[in-house]
Amino acid sequence: MQHFTTVKDVSDPKKLVEKALSVKKTPFAWKHLGENKTIGLIFFNSSLRTRLSTQKAAQNLGMNVIVMNIGTEGWKLEFEDGAVMNVDKAEHIKDAAAVMGAYVDILGIRAFAELTDREADYREEVISAFQAYAGVPIISLESATLHPLQSLADWITIQEYQQKPRPKVVLTWAPHPRALPQAVGNSFVEWMNQADVDLVVTHPEGYELAPEIMQGVAVEYDQNKAFAGADFIYAKNWSAYNDYGKILSQDADWTVSANKMALTNDARFMHCLPVRRNVIVDDAVIDSPNSLVIPQAANRVVSAQTVIMELLQHSIK
Amino acid sequence: MQHFTTVKDVSDPKKLVEKALSVKKTPFAWKHLGENKTIGLIFFNSSLRTRLSTQKAAQNLGMNVIVMNIGTEGWKLEFEDGAVMNVDKAEHIKDAAAVMGAYVDILGIRAFAELTDREADYREEVISAFQAYAGVPIISLESATLHPLQSLADWITIQEYQQKPRPKVVLTWAPHPRALPQAVGNSFVEWMNQADVDLVVTHPEGYELAPEIMQGVAVEYDQNKAFAGADFIYAKNWSAYNDYGKILSQDADWTVSANKMALTNDARFMHCLPVRRNVIVDDAVIDSPNSLVIPQAANRVVSAQTVIMELLQHSIK
Amino acid sequence: MQHFTTVKDVSDPKKLVEKALSVKKTPFAWKHLGENKTIGLIFFNSSLRTRLSTQKAAQNLGMNVIVMNIGTEGWKLEFEDGAVMNVDKAEHIKDAAAVMGAYVDILGIRAFAELTDREADYREEVISAFQAYAGVPIISLESATLHPLQSLADWITIQEYQQKPRPKVVLTWAPHPRALPQAVGNSFVEWMNQADVDLVVTHPEGYELAPEIMQGVAVEYDQNKAFAGADFIYAKNWSAYNDYGKILSQDADWTVSANKMALTNDARFMHCLPVRRNVIVDDAVIDSPNSLVIPQAANRVVSAQTVIMELLQHSIK
């Protein structure tokens, strides 16, 4: 594994999940691996879980951690090749990435979609530039279109709580007042496609995810039908892919309610957080014993530590 | 001690001060206590002393430290139970606190009073929510109505500098151009009430502190009379409790001047800082050899380290 | 060395460069030096390289690092002696510096020129106040008029890449859309004056640097003549010193181009970064094999580590 930005970077995702479960048992057993190593966590956007869990994960491995909010603590970066930089951008990504890579052994990057230009977002301009220029392994802390540390934590959680060999896992769109990226949904599908689960994606018409992600994945436009017999309900909002970045529906009927959960096979409820309560999911569901949102968030430390450990063991001299 | 948010959390405050004085002598003698432990410091408001001293204290104990400015680096939190979160708040405190608690062993929280709704401030909404939902010990880094780490540092300082068994300690209101919380004043009274001191509080009429705090405490409206024979003058501004959050006076006659100090028993001058010079206190006083403001601020490391150590020894598995 | 704010603080700059080259070989050989020591890095302005490289340097030495953005995380400081602080400044530098000094063993300070009042900037108000009041060694992380950590890194880089005993080093002004401080230019001249190099400074008329800095230094107003036979081209923009803080020219003919570089003795190209590409320097130059900008930036860790190590060894009890 050279970088960690998509499931495609991982040669054997199932093995990575197995590794994660063993890392979770003895988190401090590999503190020597990170000795004299530094991870830089660069945030172009806000973060709570990712910020805290990735720091914790790196510290569990004995690494030094340097955190930087590039928007407020640094300056605007230029991404266009050959630009005459006489306006507002103070530094080219080529130079900034190379410099950051010179100071640390691993770089984590968070850079959300802007949701105005689909081509640009799906080109993954920011994280690709870091991969091209930093000269060190790059970990996605959520990029424009993917959130692999979240998906790995999701998979770990499902593995821990599944009651049968091939559970039915339903990713359901749910309403939200703001336009959100597709990253968590895309990424969950990408990873679940590698797992031994029956994956169904349900959403109102018009909310289809990117075709390259959804290839071969079951879609069910009727949420009630999708929920029938489900073992895991994973709720998430995203804005439209086709009518890019648009909110097409705020239909409260898609909110995950106790009535909807009653259609399932006593399913566990999952969400990556932060979650809009009583919009995405009713209190009655997220506060029920079937809710996994906190263990799922706790597994963010495990997924980050596993990925960093993998890079320390195999990708860094 | 399960949390540290008020003197009431401490079974034996005098013993805690004794412990602090011994911690101060050999600050690095307990580095093993914090091994593989992490403290998260969450700031809803600005901070200099608390930010730096608490980090230093935790590092003295060998802990990892994660600092987060939740206002600028995270997002707005919802505190209302059952809220339909379809406006501006992205995450409920229930979820945010539980997640933060899943990543760290101790949480420090700074959340000031808003000074608009007295009931809300005195309910201590933010810090109580963290106590309820985080699942780990909570340290107040100054809450809406109390600042116990400051008060403990104040007590340590008084103990170090007192020249007689039962010194006269005067808390004096002083003018300030902005409306400030009552936290430092409240907390100082709360802690000094447990110490072997003669405590007098002096302020203009209308600036009475909360009655539950002031029960049994001597109030003197004439600052000159209060200063007579004092061994310690502790200056601090606060806005009104009764006419909640209002500035009722900016009377420069309440500024602590050399003339006022001449009325005392060669008293030491104290203030928690930051201080408005020549408004709260004249340069001649704060720059005099009788000023304790810097040793007092330095003791913030001692008070924080003592509290964290107590939690590491007795409250964390 | 008591502080590190100018080359004048260093008794033997050449010896410091030699030390740096040996530090670079075994960066982790002195981790015991920083045990139980803390460095505070205080930023009044944005920073990328300095922020990351100084953290990395201190961690290489086993120190704890505390970073603070005083603008956004703290409050406005008063610098005027005797001020009646009843307006917007919440704390006097006297108190803030003394407190910070009480919490850490070394303080790094970044505070840029405001470019409105030359006297004030050249008095170095901020960094001088920290030197006066903090009671611990101060490291400049770029002050109003000097940037010594950068200049030391520049010297190290020149020493590593020079092909002959006394290379010709040219500092060339280059255009920029915004008014920038003179700190990097001043500081480079100050340090190069101590090195075995032939230093030439070239810029349009009106862009003369401070006379006290330029004493005895060769100035050449014709950039082409200056470049002739040069071994190192160091590009940097600055605003006018005489017509203080003004932009007098944005003449694109001063941009460092491949044609200009062809006039040199196959010179290496240097810049402190961040750099405006195709304004300060053309892509063809900065992306050429002769560009040293990344190794130069990487040497920021080496210069910071050397300076911190020097202070740990000789200036701190």
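Further up the page is the structure itself.
Nothing here was measured: the structure is a model prediction, and the numbers come from that model.

Draft legend 1. Looking closely at the overall build of chain A. When its secondary structure is counted, chain A shows 13 helices and eleven strands. The C-alpha atoms of chain A give a radius of gyration of 19 Å, which matches the 20 Å a tight globule of 317 residues would have. Based on the C-alpha atoms only, the size of chain A along its principal axes is roughly 55 × 50 × 35 Å. Across the 317 residues in chain A, those meeting the buried criterion constitute 65%. For chain A, the proportion of contacts with a sequence separation of at least 24, taken over those separated by at least 6, is 78%.

Draft legend 2. Inspection of the relation of the copies chain A and chain B at higher detail. Here chain A sits on chain B after a turn of 120° about the axis and a move of 0.0 Å along it, with an RMSD of 0.0 Å. The operation mapping one copy onto its partner corresponds to a three-fold rotation axis. For chain A, the smallest separation between a C-alpha atom and the rotation axis is recorded for Thr72(A), amounting to 5.1 Å.

Draft legend 3. Local environment of empty space enclosed by the protein. All names here are of chain B. Here the structure, examined in full by the defined rule, presents one cavity of 30 Å³ or more. Of the voids in this model, the largest cavity is the one considered here, and its volume is about 30 Å³. Lining the largest cavity, in full, are Trp173, His176, Arg178, Ala179, Leu180, Tyr207, Asn237, Trp238, Ser239, Ile247 and Ser249. Of the residues belonging to the lining of the largest cavity, the class tally is six nonpolar, four polar and one charged.

Draft legend 4. Focus on the interface of chain C and chain A. Listed as interface residues are 29 residues of chain C and, on the opposing side, 31 residues of chain A. Between chain C and chain A, roughly 2,700 Å² of surface is buried when both sides are summed, and carbon and sulfur atoms account for 57% of that area. The three residues of chain C that bury the most area against chain A are Leu48(C), Leu52(C) and Arg277(C), which together make up 23% of that side's buried surface. Taken together, chain C and chain A are joined by four salt bridges. Arg49(C) serves as the salt-bridge partner of Glu91(A), at 2.9 Å between the closest nitrogen and oxygen. Viewed at the interface, chain A and chain C are joined by 15 residue pairs in polar contact (both at pLDDT 80 or more).

Draft legend 5. Quick peek at the pattern of salt bridges. For the structure on display, the rule yields 51 salt bridges over all chains. Note that Arg51(A) is salt-bridged to Glu73(B), the shortest N-O span being 3.6 Å. With Arg51(A) in helix α2 (residues 49-60) and Glu73(B) in helix α3 (residues 70-73), this pair bridges two chains. Of the two residues, Arg51(A) and Glu73(B), neither departs from the other in class, the shared state being buried.

Draft legend 6. Representation of the pairing of strand β7 (residues 168-173) of chain A. Residue and element names in this part refer to chain A. Across the six residues of β7, six count as buried, placing the element largely inside the fold. Residues Lys168, Val170 and Thr172 point to one face of β7 and Val169, Leu171 and Trp173 to the other, with burial holding for every one of them. Sheet analysis places β7 next to strand β8 (residues 198-202), joined by five bridges and oriented parallel. Note that in β8 the partner of Val170 across the bridge is Val200. Handedness of the crossover joining β7 and β8 through helix α8 (residues 183-192): right-handed. In terms of strand pairing, β7 meets strand β10 (residues 232-236) through five bridges, oriented parallel. The residue bridging Trp173 from the neighbouring strand is Lys236, located in β10.

Draft legend 7. Spatial organisation of the packing of aromatic side chains. Evaluation of the coordinates by the stated rule reveals 26 aromatic pairs over all chains. Taken together, a centroid distance of 6.3 Å and an interplanar angle of 80° make the contact between Trp155(A) and Trp191(A) edge-to-face. Linking Trp155(A) in helix α7 (residues 148-161) with Trp191(A) in helix α8, this pair joins segments that are 36 residues apart in sequence. Neither residue differs from the other here; Trp155(A) and Trp191(A) are each classed as buried. One aromatic cluster is present, built from ring pairs that chain together Phe4(A), Trp155(A) and Trp191(A). Its guanidinium or amino end placed over the ring of Tyr241(C), Arg118(C) lies 4.1 Å from that ring's centre, counting from NZ or CZ.

Draft legend 8. Quick look at the interface of chain A and chain B. Listed as interface residues are 29 residues of chain A and, on the opposing side, 31 residues of chain B. Approximately 2,700 Å² of surface area, both sides summed, lies buried where chain A meets chain B, with 57% of it carried by carbon and sulfur atoms. Looking at the side of chain A facing chain B, the largest losses of area belong to Leu48(A), Leu52(A) and Arg277(A), adding up to 23% of the total buried there. Remark: the boundary between chain A and chain B carries four salt bridges. The residue Lys94(B) makes a salt bridge to Asp287(A) at a minimum N-O spacing of 3.3 Å. Going through the elements one at a time, α2, α12 (283-286) and α13 (293-314) of chain A are the ones with two or more residues in the side of chain A that touches chain B.

Draft legend 9. Representation of the sheet that holds strand β2 (residues 64-69) of chain B within the structure. All names here are of chain B. Spatial ordering of the open sheet is given by β2-β1-β5-β6, a layout of four strands whose pairing is parallel. Where the open sheet ends on each side, the last strands, each with one partner, are β2 and β6 (138-140). Across the sheet, the mean angle separating the axes of adjacent strands is 20° when strand polarity is ignored. Sheet analysis places strand β5 (residues 106-110) next to β6, joined by three bridges and oriented parallel. The partner of Gly108 across the bridge, within β6, is Ile139.

Draft legend 10. Spotlight on the layout of surface pockets. Volume-wise, the largest pocket comes out at about 1,300 Å³. Forming the boundary of the largest pocket are 44 residues, of which Gln59(A), Asn64(A), Gln59(B), Asn64(B) and Asn64(C) lie nearest the centre. Listing elements by their share of the lining of the largest pocket, those giving two or more residues are α2 and β2 (64-69) of chain A, α2 (49-60) and β2 of chain B together with α2 (49-60) and β2 (64-69) of chain C. Here the residues of the lining of the largest pocket sort into 14 nonpolar, 18 polar and twelve charged.

Draft legend 11. Summary view of the side chain of Thr145(B). Residues and elements named next belong to chain B. Structurally, Thr145 is set in the loop between β6 and α7 (148-161). A polar contact of 2.5 Å, which involves the side chain of Thr145, links it to the side chain of Glu124. Apart from the residues lying within four places of it in its own chain, the contact partners of Thr145 are Asp121, Tyr122, Glu124, Gln182, Ala183 and Asn186.

Draft legend 12. Main features of unusual backbone geometry. Looking along the chain, the bond that leaves Leu273(A) and enters Pro274(A) is cis, with omega of 0°. Even without being glycine, Glu124(B) reaches a positive phi, approximately 55°. Relative to the elements of secondary structure, Glu124(B) occurs in the loop between α5 (118-123) and α6 (125-133). You will see that Glu142(B), though not glycine, has its phi angle at about 105°, which is positive.

Rules used throughout
- Residues numbered from 1 in each chain as written.
- Chains lettered and ligands numbered in written order.
- Predicted model: local features only at pLDDT ≥ 70, side-chain atom pairs only at ≥ 80, totals over all residues.
- Heavy atoms only, no water.
- Helix = DSSP H or I, 4+ residues; strand = E, 2+ residues; numbered from the N terminus.
- Rg over C-alpha atoms; globule rule 2.2 N^0.38 Å.
- Buried < 20%, exposed > 50% of the residue type's maximum accessible area, 1.4 Å probe, protein only.
- Contact = heavy atoms within 4.5 Å.
- Least-squares fit on C-alpha atoms with pLDDT ≥ 70 in both.
- 1 Å grid on protein atoms, 1.4 Å probe; cavity = no way out; pocket = protein on both sides within 12 Å on 5 of 7 lines; lining within 4 Å.
- Points joined across faces, edges and corners; volume = space filled by probe spheres on them.
- Nonpolar A, V, L, I, M, F, W, Y, C, P; charged D, E, K, R; others polar.
- Buried area = accessible area lost by both parts, 1.4 Å probe.
- Salt bridge = Lys/Arg side-chain N within 4 Å of Asp/Glu carboxyl O.
- Polar contact = N/O pair within 3.5 Å; in protein donor to acceptor, adjacent residues only side chain to side chain.
- Pairing = 2+ DSSP bridges.
- Right-handed = clockwise from strand over helix to strand, strands pointing away.
- Phe/Tyr/Trp six-rings, centres within 6.5 Å; stacked < 30°, edge-to-face > 60°.
- Lys NZ or Arg CZ within 6 Å of the ring centre and 35° of its normal.
- Axes fitted to C-alpha atoms, helices over the stretch in contact; angles between N-to-C directions.

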